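What the coordinates show
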Amino acid sequence: MSQPPRIRLIFSALVLVLLLASLDQTIVATALPTIVGDLGGIQHLSWVVTAYLLAATVSGPLYGKLGDLYGRKPVLQIAIVIFLVGSALCGLSQNMAELIGFRALQGLGAGGLIVTTVAVIGDVIPPRDRGRYQGFFGAVFGVATVIGPLLGGFFVDNLSWRWIFYVNLPVGAVALAVIAIVFHAPTTRIRHKIDWLGASLLAGGLTALVLFTSLGGTTYAWDSPEILGLIAAALVLLPLFVLVESRAAEPILPLVLFRNRVFVVAGSIGFVIGLALFGAITYMPVFLQIVKGESPTGSGLQLTPMMLGLLVTAIVSGQLISRFGRYKVFPIVGTVVATVGLVLLSRLGTGSSTWTASLFMLVLGLGLGLVMQVLVLAVQNSVEHRYLGVATSGSLLFRQVGGSIGVAMFGAIFANRLRAELGIRLPAGAHIPKTANPEAVRHLPPAVHDAYVSAFSTALHPVFLAAAGIALFSFLLTWFLRETPLRKTTGEEGDAKDSVELGAAA
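Computed from a predicted structure; not experimentally measured.

In terms of helices and strands, the chain carries 21 helices and zero strands. With 506 residues in all, the chain has 59% of them scored as buried. Pairs at least 24 residues apart make up 84% of the contacts formed inside the chain by residues separated by at least 6 positions. For the chain, the accessible area works out to roughly 19100 Å², and carbon and sulfur atoms hold 68% of it.

As structure tokens, then:
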């Protein structure tokens, strides 16, 4: 179905914004070994990703609610400005602590970019036609993920890793200009009371939960006062959040959403998928650079098949959903394919060819493209328009929480296994670099180099195997996703015309 020029312009602006956010998630991957080699602190490697994901996670629900209350356009513009300030400061970082802190600031902006962009599509495109647009959003993420590692590798090899953050500035400036000119979102001026207490409790509870999974067993012992304090904080703050939300006039995450079966099941699938995939994918560039000796640019090229697979299946599934109005089969098939891909990746070793790694990553990408965007579409189709923003942010929240915990959890698994393997394999008295700097590893004496690379490769096996087991559980959950007819209208008019109430999918 052909859309009017205004819709196409808005969609173009949203694509640019989504490109900004998704590019920054992927451009860092190939540069991580070089960054820790420059700034030190390989034990904090996962935090360069975790800080970004955690900040985006805790800010997403607030952006969703603010967009519902005050309109998407000003919220989106504020998020872009925060993101660009964070990007500039990341490029200026002088140590790992600064980089992690500024990545968190970036994440505060990125949470608004992702949530608001996806919600705007729900404002202007009917669910029946939304599949192809959500599919293109998935494709944009795929393209950005192809370009991101290549750009990251190019900047590391030819300029500096700092340019992976500076490159956001001109792209962001263009996005701000396009949105200011073409995006004219309707707004209604109504007095509202924002649930700041609920937002604070949710942010505190999620932060404590992710810190618990990240620091436990690595930085601190599981029975240390710090770790026990974090889990106690999560166990107190999250139930308090539920209590506050049940009494708030304008809740950040309305509890009535949890009576919607589609929302609950889609959120659960998103959480499990995020847990498995974000954690596992973080370590692919590290494997390629340390074990296979690839340059940052080369490791970026090796990730291309995974992203091409995601691009193809995201676009094709989106077109098929819009044509036939059915969506449940895609996450069922996608989770199976993704599980197979992760099992195959767990078989990679020092003797595996780069072509083998590329083929296995292609399988994983094909599965990813069938899952991610479909979950958001199902949720948006099942709720009233007035809950569109918070339902969208809630759906993404589950996936981002899973991703944050996954990166931290797999980081702990990898670090502990690597320590054990190095103790077994290294010759007595061998000296190894304190950080996994690919250049330093390449210059190790042959005997030490072979032992180090073998230990590194072996330490990654349980990461991918654990991810595969978690992904298999998400496949079981997809069978509980209820398929409701896709509406052909948008807004409050669509709520009335199609008689789809918030609890209809319960």
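A grouping of Val312, Val316, Leu320 and Phe324 is seen on the molecular surface, where their side chains present a nonpolar patch of about 340 Å² in accessible area. Given a relative accessible area of 44%, Val312 falls into the partly exposed group.

For the structure on display, the rule yields seven aromatic pairs. Between the aromatic rings of Phe258 and Phe263, the centroid separation amounts to 5.4 Å while the plane-to-plane angle is 90°, which identifies the pairing as edge-to-face. You can call Phe263 buried: its relative accessible area is 0%. What links up through ring pairs into an aromatic cluster is the set Phe258, Phe263 and Phe398.

Okay, the pattern of salt bridges next. Applying the stated rule across the entire model yields one salt bridge. Residues Glu421 and Arg417 are paired through a salt bridge, measuring 3.0 Å at the closest nitrogen-oxygen approach. Here the residue Glu421 and the residue Arg417 both occupy positions in helix H18 (residues 388–425), the gap between them amounting to four residues, near one helical turn. Judged by its relative accessible area of 32%, Arg417 is partly exposed.

Now for the environment of Val376. Position of Val376 among the secondary structure elements: in helix H17 (residues 372–382). Separated by 109 residues in sequence, Val376 and Gly267 place their C-alpha atoms 8.9 Å apart.

This paragraph deals with the nonpolar core. Counting 81 residues, the largest nonpolar core has Met284, Leu342, Leu345 and Phe456 as the members making the most contacts within it. Counting residues per element, this core draws most heavily on helix H20 (residues 446–478), at 15 residues.

With that settled, consider the side chain of Ser474. The residue Ser474 is located in helix H20 in this model. For Ser474, a relative accessible area of 0% corresponds to the buried category. Contacts of Ser474, omitting those with residues within four sequence positions, involve Ile269, Val272, Ile273 and Thr335.

Turning our attention to the packing of helix H15 (residues 329–345) against helix H16 (residues 354–369). Helix-helix packing is characterised by the crossing angle of the two axes and by the distance between the axes. Across the interface, H15 lies against H16 with an axial gap of 7 Å and an inter-helix angle of 160°. On the basis of their axis angle, the class for H15 and H16 is roughly antiparallel. Of the two possible hands of crossing, H15 and H16 adopt the one that is left-handed. Residue-level contacts link Gly334, Val337, Ala338, Val340, Gly341, Leu342, Leu344 and Leu345 of H15 to Ala357, Phe360, Met361, Val363, Leu364, Leu366 and Gly367 of H16. Grouping the amino acids of the contact of H15 with H16 by side-chain chemistry returns twelve nonpolar, three polar and no charged.

A separate point is the packing of helix H14 (residues 304–324) against H16. Two elements in contact, H14 and H16, have axes whose closest approach is 6 Å; the angle formed by their N-to-C orientations is 25°. With respect to their mutual orientation, H14 and H16 come out roughly parallel. For the pair H14 and H16, the crossing hand works out as right-handed. The residues of H16 that touch H14, namely those facing Pro305, Met306, Gly309, Leu310, Thr313, Ala314 and Ser317, are Ser358, Met361, Leu362, Leu364, Gly365, Leu366, Leu368 and Gly369. In terms of residue class, the contact of H14 with H16 is made up of nine nonpolar, six polar and no charged.

What follows covers H17. Among the eleven residues in H17, eleven count as buried, and that is most of the element. Taken together, the buried positions of H17 are occupied by Met372, Gln373, Val374, Leu375, Val376, Leu377, Ala378, Val379, Gln380, Asn381 and Ser382.

Attention now goes to the environment of Ile332. On the secondary structure map, Ile332 appears in helix H15. The class of Ile332 is buried, set by a relative accessible area of 11%. Each C-alpha atom of the pair Ile332 and Leu477 lies 8.7 Å from the other, and the pair is 145 residues apart in sequence. When neighbours within four sequence positions are excluded, Ile332 is seen to be in contact with Phe475, Thr478 and Trp479.

Bringing the confidence of the model for the chain into the picture now. Scored by pLDDT, the chain has a mean of 76; 80% of the residues are at 70 or more. Looking over the chain, one finds the lowest element-wise mean pLDDT in helix H21 (residues 491–498), namely 46, and the highest in H15, namely 90. For residues 492–506, every residue scores under 50 in pLDDT, and the model assigns this stretch 37 contacts once sequence neighbours within four places are set aside.

A separate point is the side chain of Thr335. Topologically, Thr335 is positioned in helix H15. Among the polar contacts listed, one links the side chain of Thr335 to the backbone oxygen of Ile332, at a separation of 3.0 Å. Contacts of Thr335, omitting those with residues within four sequence positions, involve Ile273, Val371, Ala471, Ser474, Phe475 and Thr478.

Reading the values: the criteria
Residues numbered from 1 in each chain as written. Predicted model: local features only at pLDDT ≥ 70, side-chain atom pairs only at ≥ 80, totals over all residues. Heavy atoms only, no water. Helix = DSSP H or I, 4+ residues; strand = E, 2+ residues; numbered from the N terminus. Buried < 20%, exposed > 50% of the residue type's maximum accessible area, 1.4 Å probe, protein only. Contact = heavy atoms within 4.5 Å. Areas by Shrake-Rupley, 256 points an atom, 1.4 Å probe, with all protein chains shown as cover. Patch = residues over 30% accessible without salt bridge, like charges linked within 9 Å, V, L, I, M, F, W, Y side chains within 5 Å. Salt bridge = Lys/Arg side-chain N within 4 Å of Asp/Glu carboxyl O. Phe/Tyr/Trp six-rings, centres within 6.5 Å; stacked < 30°, edge-to-face > 60°. Core = buried A, V, L, I, M, F, W, Y, C linked by side-chain atoms within 4.5 Å. Axes fitted to C-alpha atoms, helices over the stretch in contact; angles between N-to-C directions. Parallel < 35°, antiparallel > 145°, perpendicular 65-115°, else oblique. Left-handed = near helix turned anticlockwise from the far one by under 90°. Nonpolar A, V, L, I, M, F, W, Y, C, P; charged D, E, K, R; others polar. pLDDT = per-residue confidence, 0-100. Polar contact = N/O pair within 3.5 Å; in protein donor to acceptor, adjacent residues only side chain to side chain.

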